[in-house]
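# Structural characterization, general
Each chain, letter by letter, is given below.
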Amino acid sequence: MPQESCETEVSTPMINFLRKKHILLLHAGGDSKRVPWANPMGKVFLPLPYLADDDPDGPVPLLFDHILAISACARQAYKNEGGLFIMTGDVLPCFDASAMVLPDTSCIITVPITLDIASNHGVIVASKTGDSDESFSVNPVANLLQKPSVQELNKHHAVLDDGRTLLDTGIIAVRGKAWEDLVTLSCSSQPLISQLVNTKKEMSLYEDLVAAWVPAKHEWLKSRPLGEELVKRLGKQTMYSYCAYDLLFLHFGTSSEVLDHLSGTGSRLVGRRHLCSIPATTMSDIASSAIIISSKISPDVSIGDDSLIYDSSISSGVQIGSLSVVVGVNLPEKTDNFLLPDRHCLWEVPLIGCTERVIVYCGLHDNPKIPFSENGTFCGKPWEKVLEDLGIHEKDLWSSKEKCLWNAKVFPVVAYFDMLRLANWLMGLENDEKNDGFYNLWKMSKRVSLEELHRSIDFPQMCLISSNHQADLAAKIAKASLSFGLLGRNLSQLCQEILQVEDSGEKICTNFLELCPNFESKSSKIVPKSRAYQVQVDLLRACNKHEKAIEVEHHVWAAVADETASAVRYGFKEHLFQSSNQTASNGVNDHAGQSQTFFHKKVKVELPVRVDFVGGWSDTPPWSLERAGCVLNMAITLDDSLPIGTIIETTQTLGLLITDDASNELYVQNISSIVPPFDDNDPFRLVKSALLVTGVVHNNILKSMGLRVKTWARIPRGSGLGTSSILSAAVVKGLIRLIDGDESNENVARLVLVLEQIMGTGGGWQDQIGGLYPGIKFTTSFPGIPLRLQVIPLLSSPKLVTELQDRLLVVFTGQVRLAHQVLQKVVTRYLQRDNLLISSIKRLAELARTGREALMNCHIDKLGDIMMETWRLHQELDPHCSNQFVDNLFTFADSYCCGYKLVGAGGGGFALLLAKNAENALQLKRALEENRMFDVKVYNWKVCLDD
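Remember, predicted model here, so these are calculated numbers, not experimental data. (Residues numbered from 1 in each chain as written. Predicted model: local features only at pLDDT ≥ 70, side-chain atom pairs only at ≥ 80, totals over all residues. Heavy atoms only, no water.)

## Thoughts on the overall build of the protein
Within the protein one finds 32 helices and 41 strands. A burial count over the protein gives 57% of its 947 residues as buried. Sequence separation of 24 or more characterises 68% of the internal contacts of the protein that already satisfy a separation of 6 or more. Entry remark: accessible area of the protein is about 40,400 Å², with carbon and sulfur atoms responsible for 50%. (Helix = DSSP H or I, 4+ residues; strand = E, 2+ residues; numbered from the N terminus. Buried < 20%, exposed > 50% of the residue type's maximum accessible area, 1.4 Å probe, protein only. Contact = heavy atoms within 4.5 Å. Areas by Shrake-Rupley, 256 points an atom, 1.4 Å probe, with all protein chains shown as cover.)

## As for the confidence of the model for the protein
For the protein, the average pLDDT comes to 82, and 83% of its residues sit at 70 or higher. Within the model, pLDDT remains below 50 along residues 1–74, and this stretch shows 232 contacts once partners closer than five positions in the same chain are excluded. When the criterion is pLDDT under 50, residues 266–274 qualifies, and its contacts beyond four places in sequence or with other chains add up to 29 contacts. (pLDDT = per-residue confidence, 0-100.)

## Description of the sheet that holds strand β34 (residues 706–713)
Strand order in this open sheet of five strands is β28-β31-β34-β32-β33, and the pairing throughout is mixed. Only two strands of the sheet have a single partner each, and these edge strands are β28 (602–607) and β33 (665–668). When the angles between neighbouring strand axes are averaged without regard to direction, this sheet yields 10 degrees. For strand β32 (residues 655–660) and β34, the ladder comprises six bridges, and the chain directions are parallel. Looking at β34, one finds that L656 is bridged to L707. Contacting β32, β33 and β34, helix α23 (residues 685–693) crosses the sheet at an angle of about 130 degrees to β34. (Pairing = 2+ DSSP bridges. Axes fitted to C-alpha atoms, helices over the stretch in contact; angles between N-to-C directions.)

## A few points about the nonpolar core
Membership of the largest hydrophobic core comes to 137 residues, with the highest contact counts inside it found for F613, M634 and L691. Those residues in contact with F613, other than ones at most four positions away along the chain, are L632, N633, M634, L808, L855, L863, M867, T870, K901 and L912. Counting 68 residues, the second-largest nonpolar core is a separate cluster that includes C345, V358, V386 and L426. (Core = buried A, V, L, I, M, F, W, Y, C linked by side-chain atoms within 4.5 Å.)

## Section: the side chain of D168
Topologically, D168 is positioned in strand β10 (residues 165–174). A distance of 2.8 Å separates the side chain of D168 from the backbone nitrogen of G170, its partner in a polar contact. Not counting residues up to four positions away in its chain, the partners in contact with D168 are I108, I109, G122, V123, I124 and Y206. (Polar contact = N/O pair within 3.5 Å; in protein donor to acceptor, adjacent residues only side chain to side chain.)

## Looking at the environment of A158
Summarising the element assignment, A158 is placed in the loop between α4 (150–155) and β10. Taking C-alpha positions, A158 is 9.1 Å from S127, a pair spaced 31 residues apart along the chain. Among residues more than four places away in sequence, those in contact with A158 are V123, V125, L145, L153, R164 and T165.

## Side note on the side chain of K901
Relative to the assigned elements, K901 resides in strand β38 (residues 897–902). Residue K901 is classed as buried on the basis of its relative accessible area of 0%. Of the polar contacts made by the side chain of K901, one reaches the backbone oxygen of D612; its length is 3.1 Å.

## Observations concerning the pattern of salt bridges
In the structure shown here, the tally under the stated rule is 36 salt bridges. Of the charged contacts in the structure, one is a salt bridge between R164 and D162, with a shortest N-O distance of 3.0 Å. Using a relative accessible area of 46% as the deciding quantity, one classes D162 as partly exposed. Between R610 and D612 there is a salt bridge, with its nearest N and O atoms 3.4 Å apart. Taken as a pair, R610 and D612 share a single burial class, namely buried. Among the charged side chains, a salt-bridge network with shared partners connects R610, D612, D767 and K901. (Salt bridge = Lys/Arg side-chain N within 4 Å of Asp/Glu carboxyl O.)

## Structural notes on the packing of helix α24 (residues 723–738) against helix α25 (residues 745–759)
Two elements in contact, α24 and α25, have axes whose closest approach is 9 Å; the angle formed by their N-to-C orientations is 120 degrees. Taken together, the axis directions place α24 and α25 in an arrangement best described as oblique. The handedness of the crossing between α24 and α25 is right-handed. Mapping the contact onto sequence places S724, S725, S728, A729, V732, K733 and I736 in α24 and N745, N747, V748, L751, V752, L755, E756 and M759 in α25. In terms of residue class, the contact of α24 with α25 is made up of eight nonpolar, five polar and two charged. (Parallel < 35°, antiparallel > 145°, perpendicular 65-115°, else oblique. Left-handed = near helix turned anticlockwise from the far one by under 90°. Nonpolar A, V, L, I, M, F, W, Y, C, P; charged D, E, K, R; others polar.)

## Re α24
For α24, spanning 16 residues, the distance from its first C-alpha to its last is 22 Å, which sits close to the expected 22 Å at 1.5 Å a residue. The buried count for α24 comes to 14 of 16 residues, which makes it a mostly enclosed element. Of the residues one or two after α24, D740 is the one with positive phi, at around 60 degrees. (Expected span 1.5 Å × (residues − 1).)

## Some words on unusual backbone geometry
Each neighbour pair has its own omega, and for P621 with P622 the value is 5 degrees, a cis peptide bond. With respect to the element layout, P622 can be found in the loop between β29 (609–614) and α22 (623–626). Of note, the bond from P676 into P677 is cis; its omega dihedral lies within 30 degrees of zero at 5 degrees. For P677, the position within the fold is in the loop between β33 and α23. The backbone of S294 shows a phi angle near 50 degrees, a positive value even though the residue is not glycine. Looking at the secondary structure, you find S294 in the loop between β14 (291–293) and β15 (296–297). Non-glycine residue N375 carries a positive phi angle of around 65 degrees. In this structure, N375 sits in the loop between β23 (357–363) and β24 (377–378).

## A word on the pairing of strand β31 (residues 644–651)
Counting buried positions over the eight residues of β31 gives seven, a clear majority of the element. Two strands pair when backbone bridges link them, and β28 and β31 are joined in this way by six bridges, in the antiparallel orientation. The residue bridging E606 from the neighbouring strand is G645, located in β31. Sheet topology note: the β31/β34 ladder contains eight bridges and is antiparallel. Within β34, the position partnered with I644 by the bridge is A713.

## Considering a positive patch on the surface
A surface patch of like charges, here positive, comprises K602, K604, K710 and R714. Mapping K710 onto the fold places it in strand β34. (Patch = residues over 30% accessible without salt bridge, like charges linked within 9 Å, V, L, I, M, F, W, Y side chains within 5 Å. Lys, Arg positive; Asp, Glu negative; His and termini not counted. Charge placed at Lys NZ, Arg CZ, Asp CG, Glu CD.)

## What to know about the packing of α23 against α24
The contact between α23 and α24 brings their axes to 9 Å, and the two run at 45 degrees. Taken together, the axis directions place α23 and α24 in an arrangement best described as oblique. Considering only the axes of α23 and α24, their crossing is right-handed. Between α23 and α24, the residues in contact are L686, A690, L691 and V693 and S724, L727, S728, V731, V732 and L735, respectively.

Put into structure tokens, the structure is as follows:
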């Protein structure tokens, strides 16, 4: 990179270092909007309010649960080479961007939109040159238009052939040389920043930065602060428009649109209610359709239908009408008789230089830019009516010819309770007898307009107030949960909110630790120990007691194993972790150890592998111990063979000999010495655990004979096909058959569930179910003691089997990753009561039911849709379940397929590629075998229909 391009010298290593940083910018640009993030898989997670350009009703809230997967998605999107991703504006994208291939420069995402909507937004004029297909087009940006009329659109050739134009979504990605230029500029930007600070001027990242990449805007940009420098340093790169024809988005330009969305059927896209403090229903009148988010509602409050309360504290005696929006309001106690009418908005903002926060209000449908002369409104009434009713003169509000709500000096800056009284007066709620007194108080006060408010908001103070409110609310909710609740709250998340208060946050969390013994003794019969221990871990980490947290964390996993064993079989676990010659009943064969005579017996068990369509994670303890699980999977053979198996036989030589297909061998002279915990690197811990759960160790079954166990799994390691669990099932089934126990598939499946807890790998029941039961099956689990499983085979028609085998490619990616660490992270998030994780797993279980119906009706294309949504949900649960190779593979296969996903927990292993038809499947198979970029193997497979 040429050094002379920098005002200050920047070393090449520094440039390379910065290029590899994944800059993830939440941009507060264009009229101070603060906008939520979306990850590239189309889900949005960051809770922040924002203020729309044309909306005085804000800040309008959008609430989402977590910033999850951002860094991983950036790594995938920018191929570990760094980049900038900006989202600004009032558009929330809801789409799968995994197949988007953006240009290696600056790029703005656009969508086709009708001209009437375009007149209220930014519009991109794209040149006629570029690339396109049926789903997208990429063209250089020729110009940028802001809220253009139809005449302007025609003048600038912005109307597409179909009569639409390109909406600027506000999503910008910067990669490649454009990113390098930006990094170079940032390394030498101190003089530029100093100049801006000294001159008290502003630079809009969204407007000015984008204009630097669009030649048609260069003349305009040069008139802006430091505009010539931006043109000089960045203007050589071309910005492209990426038009995504099928991009879905939600427009939040006005508060009414927010309310419409939250009350609509698609509201699950936006987020969940959390951090709410609502009193007993007998003490307040809160409509069931009201949305209360991050707010404290005192008793004796009324809130109407479909109203939204966000980041607020509402005191007793306050009435809020229907279809109203209240944001960032802190109404102190004794705020009696304050009323917000139907279809109104109320919010508070701190201003620079003001001790009180200014109360702002207007009608839900008021447009601040509509002039007085064109029937502009305030609080839902025409200005003429407002002035007449209140006795206000035009000159009291406006000093310029332009007269609209935006520049009307209507909001008084006085003592807080006086502002509330004047608010009711201005909204027309006070009687006429007091009119003169209110008018005089209002006229004599300092008053500001929305325009002035916008320029004078004390944003640091606004953030501090909001943060302190969230922390106070979180502390009260956490204390209630610990004192007399069932620990249903996410204490980890609450602690993060509490710790935002630097002076007292950690002390509050420390006080919560003292409550732990109380809830353990009070709720021990209801709250699982694993959950109680996890709460302690979260509190200890919040208090920076990490060593103690690690110590307690071991109790978490021991408790999960204990709870799993208890759910499978009463009185089962206490014998598993002992080295003893005592007998114990596991329902295997209580009398097997009494025989002293040697008899030779040999057992061989071979099983298929499983591929999972949908429902994984819902089968995993502790989820499946507390909630219903649903999984749809299929048993298959690979290359015409059952790839997993074991041979177990008795020997006259005492002791135990274990061998596997990797030429590992172990001889154990005294079998009673086998006791967990086992080392993670012990290649024989699976067989050892099987000997424990089947009772072979503790029942002294091998007192007068020996045992030889040989195992194999003829598939790649880390396949994701359930190999470990299915091999465990084979060994358990073989051992039980050897000693004439209950080798029913249901019994074996439950024993394997306990076996995996002993091994320390965790895991659920779907893998062993997938291998033990033939064909395609829908399996549900019913929580409780004992855990009950119901396996429902799909009576697969020959047509279904044939079509699946013709269209479904089972492909080994060559990428290997074990699922153990992923499982621990997911289980931890469940024990923490992570809202996003819980809702995602619920959706996976729901999709399993939908998938069952689709297959029963032979709707293979519907199964493809389900696989696609499943893959997106898996990436929510684990951001690392994909990687660049897998992304490239799926991008390559996309045009051939109606669905695809990795099997199991992902991260590598096998992929399922469901082609659109049999011909596409053959074409894709040939393309993969011929493409040198993908060193993958496409396996021959068949549905395993026999036991």
